[in-house]
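Here is what each chain is made of, one letter per residue.
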Number of protein chains: 2
Amino acid sequence: MKVPKKHDFPVHEIRRFLEPGPIVLVSSAWRGKTNIMTMGWHTVLEFSPSLVGCLISSGNHSHEMVRRSRECVINVPTVGLAAKVVDIGNCSGAEVDKFERFKLTAVAADKVKAPLIAECHANLECRLVDGRMRDKYDFFIFEVVKAHARATPKYPRTIHYRGDGMFMVAGGALNLRRRFRSGML
Amino acid sequence: MKVPKKHDFPVHEIRRFLEPGPIVLVSSAWRGKTNIMTMGWHTVLEFSPSLVGCLISSGNHSHEMVRRSRECVINVPTVGLAAKVVDIGNCSGAEVDKFERFKLTAVAADKVKAPLIAECHANLECRLVDGRMRDKYDFFIFEVVKAHARATPKYPRTIHYRGDGMFMVAGGALNLRRRFRSGML
């Protein structure tokens with residue numbers, strides 16, 4: 001897969017990528033090793049600072065890596081990567097070097113040690129800011145400290161998990177801008 | 001809009017509705033009044049018990065109603081309700097009776113006092129189980145205690161917010177079931 005060109009993206013606008021609910025890939029690094037996990041349970045929590053809440057189960061090899069490094073990158077894949085997204089979620093970083101196995105390109109991030117996945121549409125560099133919900137819920141609250149995104153396509157064909165092995169591919173655009181009050185957009 | 005027929009749905013499988021990331025309508029009741037808010041920031045947190053985390057900003061009239069009643073219903077609308085979903089999000093329950101204004105049908109729930117919105121594809125009756133993140137993040141953790149859903153369509157055309165007044169309508173299905181390890185579905 002071709003590695004797309006990215007530009008810097010304002011961190012307070014990264015909800016554009018996460019709010020529609022795509023499956024994402026979380027990359028991490030700890031003590032010279034990297035890993036990738038497939039994640040479907042996340043939500044935007046705030047614009048500024050740019051906060052994102054993520055469920056990273058303690059059953060995942062990435063849990064310890066993120067907990068110890070206190071960093072990760074949330075990468076937003078599109079439909080061309082769908083098979084890899086599933087395969088990444090069906091093996092463990094305890095046994096597999098996922099960048100190597102899945103022929104993904106690790107690019108150095110600007111502000112965190114975890115690598116960006118170059119093939120993804122957007123990459124959000126994250127620092128852990130609140131781990132209080134981690135022990136009880138495996139829920140991490142990150143601040144997005146730097147973001148990178150492709151300029152096109154404007155509406156990436158993200159994939160959204162429906163459960164039971166079925167995904168929904170992002171469909172048509174619906175413009176309801178004229179119904180919004182000014183200040184609500 | 002026709003009011004669809006629903007059946008009971010297993011609460012530990014409600015991730016099927018929320019995990020793809022749709023915009024939802026949160027209905028609430030407190031001291032004889034009801035309200036509805038449009039919500040885009042939510043995530044599944046656990047299968048069983050069936051936990052969902054939701055950001056309900058303190059700027060919303062619903063925040064106090066949910067905080068005091070410790071209950072709500074998460075309703076999953078489809079594209080036919082898109083204009084109403086936006087309009088509901090652009091007025092306040094402090095001024096408007098939203099069920100009346102938007103001609104939506106309030107149906108009594110089984111386990112909570114908040115009403116179901118009959119026109120929606122699925123209705124998830126929720127009880128607050130953890131409010132510790134509410135003061136800092138406006139983040140409520142609910143348990144889904146009862147769920148109702150239409151049997152068809154199997155893949156509802158939910159709407160997903162992209163920001164700036166633009167929505168994505170749920171698109172085509174992608175079956176990647178054969179790539180999953182047994183036990184991972």
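Since this is a predicted model, take the numbers as computed values, not measurements.

Caption draft 1: Here's a closer look at the relation of the copies chain A and chain B. Mapping chain A onto chain B is achieved by rotating through 180° and translating by 0.0 Å along the same axis, at an RMSD of 0.0 Å. Considering both components of the superposition, the chain copies are consistent with a two-fold axis. Interface overlap between copies: 100% of the residues of chain A at the interface are likewise at the interface in chain B, consistent with a symmetric, same-surface contact.

Caption draft 2: Quick peek at helix α3 (residues 82–89) of chain A. For α3(A), the complete set of buried residues consists of Ala82(A), Val85(A), Val86(A) and Ile88(A). Down the axis of α3(A), the smallest arc covering the buried residues is 160°, so these residues share one side. Buried residues in α3(A) make contact with β2 (24–30), β3 (33–39), α4 (98–101), β11 (159–163) and β12 (166–175) of chain A together with β12 (166–175) of chain B.

Caption draft 3: Structural detail: the interface of chain A and chain B. Across the contact, 55 residues belong to chain A and 55 residues belong to chain B. Interface area lost by chain A to chain B is led by Trp41(A), Asn90(A) and Arg162(A), which between them contribute 15%. There are four salt bridges connecting chain A and chain B. With a closest N to O distance of 3.5 Å, Asp164(A) and Arg177(B) form a salt bridge.

The rules behind each value
Residues numbered from 1 in each chain as written. Chains lettered and ligands numbered in written order. Predicted model: local features only at pLDDT ≥ 70, side-chain atom pairs only at ≥ 80, totals over all residues. Heavy atoms only, no water. Least-squares fit on C-alpha atoms with pLDDT ≥ 70 in both. Contact = heavy atoms within 4.5 Å. Buried < 20%, exposed > 50% of the residue type's maximum accessible area, 1.4 Å probe, protein only. Helix = DSSP H or I, 4+ residues; strand = E, 2+ residues; numbered from the N terminus. Arc of directions from axis to C-beta. Buried area = accessible area lost by both parts, 1.4 Å probe. Salt bridge = Lys/Arg side-chain N within 4 Å of Asp/Glu carboxyl O.

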